[in-house]
Amino acid sequence: MAQAVSWWRYALVGVLVGALALAFYVAATGFPSSKVDAQDFVDLQQGATPHEGFRRAHAKGFCVAGDFVSSGALADYSTATLFAAGSTPLQGRISIAGNNPMAPDLKAPVRSLALSIETAAGDVWRTAMNTPPVMAVRHPQDFYQQLVALGNGTIQQFFAEHPESATFREWAAGYRASGSFATEVYHSINAFYLVAANGERQAVRWRAVPRAELVDTVPAEFADSDDALQQEFTARLREQPVVFDLVFTLAEASDDETDPTVLWPAARTEIVAGQIVLRSATAQLEGDCNAINFDPLVLPDGMAPTADKILRARSAAYAESYRRRAREQ
Ligand code: HEM
């Protein structure tokens, strides 16, 4: 009996020491790195004073609509009907990263294009793409810490402690933002599978490549506005549709489709699946994109997610952000 009592004492001391260590860790880092969930992400991303009714990340943006005009070139790789030759209507959203729906367009480090392509039969493909081709980290809890580091001015130290961020940093050092949303390349970053009729899976990434001629700087007539890029895009649409090629890169066996920090070699096969044709733009709270959650796990039959952990974290966080703004609207 005496032995049992002292065992419990040791256990109790152990629990108290553990709790103390956790409290110190939370105080030092903001959150235990292995327990980040969707609430934590959205709490952090929205900041101390959330902009009610808006997305908690990529809060500034506008709705676009148009068509995906498929070339049929992916039909052998995927049974998704939207990859058969032909045209499918799409709703989309063009945005900048950050939680402020009034932020100046030209200050944002990341620009984005999100699409929801829906066939008449109700098959839906949603994708949210960013200007960087890779992420700086491969685990959701590390991304959380990256956001903490961005907020508290320790991002350089964070990068030094995360060598997997090398490709991202190299891209960021060479990236020059263009003068138009229409002349950026937007990347899926995460990889997915195309699934063929015989069940064969092909790992892929995709990117939207502009057909429009590169514009280095935003035209002077818009440059002083906080909405410079939005105004440039709307003016452009009055002249003609904005078109992107949707280019798929096919992984080979040596490529790790679950790691969003690594670029696949440039020699990989690329297939132009078709064109994204954007024909109209609407303010975000009035347009169809307001009610759309661009969850990257909304995929049609013929596409499937990889085991990339970031994809699950994204899906859960987008749903949480959607719930918050929907309640407020
Ligand atoms: C763990 C990593 C990530 C987290 C936690 C995260 C979180 C979020 C959240 C909370 C939103 C707002 C969603 C809404 O209210 O509809 C959002 C939007 C967005 N994210 Fe992420 N994100 C992550 C990674 C990525 C990556 C890798 C990409 C690019 C491939 C990306 C692209 C976008 C885009 C384009 C939007 C705006 C979509 C729209 O227009 O509604 N995110 N993200």
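Everything that follows concerns the structure shown earlier in this document.
The structure reproduced in this document is the subject of the present report. (Residues numbered from 1 in each chain as written. Predicted model: local features only at pLDDT ≥ 70, side-chain atom pairs only at ≥ 80, totals over all residues. Heavy atoms only, no water.)

As a further point, take the overall build of the protein. Counting its regular elements, the protein contains eight helices and 10 strands. When the 329 residues of the protein are sorted by exposure, 49% land in the buried category. The contacts in the protein between residues at least 6 apart in sequence include a share of 73% that link residues at least 24 apart. For the protein, the accessible area works out to roughly 16,200 Å², and carbon and sulfur atoms hold 55% of it. (Helix = DSSP H or I, 4+ residues; strand = E, 2+ residues; numbered from the N terminus. Buried < 20%, exposed > 50% of the residue type's maximum accessible area, 1.4 Å probe, protein only. Contact = heavy atoms within 4.5 Å. Areas by Shrake-Rupley, 256 points an atom, 1.4 Å probe, with all protein chains shown as cover.)

What follows deals with the site of the ligand. Near the ligand lie 26 residues; those nearest to it are Arg55, His58, Arg93, Tyr318 and Ser321. A distance of 2.6 Å is found between an oxygen atom of the ligand and a side-chain nitrogen or oxygen belonging to Arg93. Elements that contribute at least two residues to the shell around the ligand include exactly α2 (38-46), β3 (111-118), β4 (124-130) and α8 (309-328). Counted by class, the shell around the ligand contains 14 nonpolar, eight polar and four charged residues. (Near = heavy atom within 4 Å. Polar contact = N/O pair within 3.5 Å; in protein donor to acceptor, adjacent residues only side chain to side chain. Nonpolar A, V, L, I, M, F, W, Y, C, P; charged D, E, K, R; others polar.)

Between α2 and α8, the least distance of the axes is 8 Å, while the angle of their chain directions is 60°. For the element pair α2 / α8, the angle class is oblique. Note that α2 runs across α8; the crossing there is right-handed. Residues Ala38, Gln39, Phe41, Val42, Asp43 and Gln46 of α2 pack against Ala313, Ala316, Ala317, Glu320, Ser321 and Arg324 of α8. The class makeup of the residues in the contact of α2 with α8 is six nonpolar, three polar and three charged. (Axes fitted to C-alpha atoms, helices over the stretch in contact; angles between N-to-C directions. Parallel < 35°, antiparallel > 145°, perpendicular 65-115°, else oblique. Left-handed = near helix turned anticlockwise from the far one by under 90°.)

Protein coordination of the iron atom of the ligand rests on one atom only, Tyr318 (OH), at 2.2 Å. With respect to the secondary-structure elements, Tyr318 resides in helix α8. (Donors = N, O, S within 2.8 Å, 3.2 Å for Na, K, Ca; no water.)

Below, the discussion takes up the side chain of Asp105. Within the element layout of this structure, Asp105 appears in the loop between β2 (86-96) and β3. Within the structure, the side chain of Asp105 is placed 2.8 Å from the side chain of Lys60, a separation counted as a polar contact. Those residues within four positions of Asp105 in sequence are excluded, and the remaining contacts are Lys60, Ile96, Asp226, Asp227, Ala228, Leu229 and Gln230.

The geometry of two aromatic rings is summed up by the distance between their centres and the angle between their planes. Per the stated rule, a full pass over the model turns up 16 aromatic pairs. Between the aromatic rings of Phe41 and Phe143, the centroid separation amounts to 6.1 Å while the plane-to-plane angle is 35°, which identifies the pairing as tilted. Here Phe41 is found in helix α2, whereas its partner Phe143 is found in helix α3 (residues 140-152), with 102 residues between them in sequence. For the ring pair Phe83 and Phe248, a centre distance of 5.7 Å and an interplane angle of 90° mean the geometry is edge-to-face. Placement of the pair is Phe83 in the loop between β1 (60-70) and β2 and Phe248 in strand β8 (residues 242-250), with a sequence separation of 165 residues. Take Phe83 and Phe248: they sit in the same class, and that class is buried. Clustering of aromatic rings is evident, with ring pairs tying together Phe68, Phe83, Trp125, Phe192, Trp206 and Phe248. Directly above the ring of Tyr193 sits Arg201, whose terminal nitrogen or CZ lies 4.0 Å from the centroid. (Phe/Tyr/Trp six-rings, centres within 6.5 Å; stacked < 30°, edge-to-face > 60°. Lys NZ or Arg CZ within 6 Å of the ring centre and 35° of its normal.)

Such coordinate-based values are descriptive only and should not be taken to indicate function.
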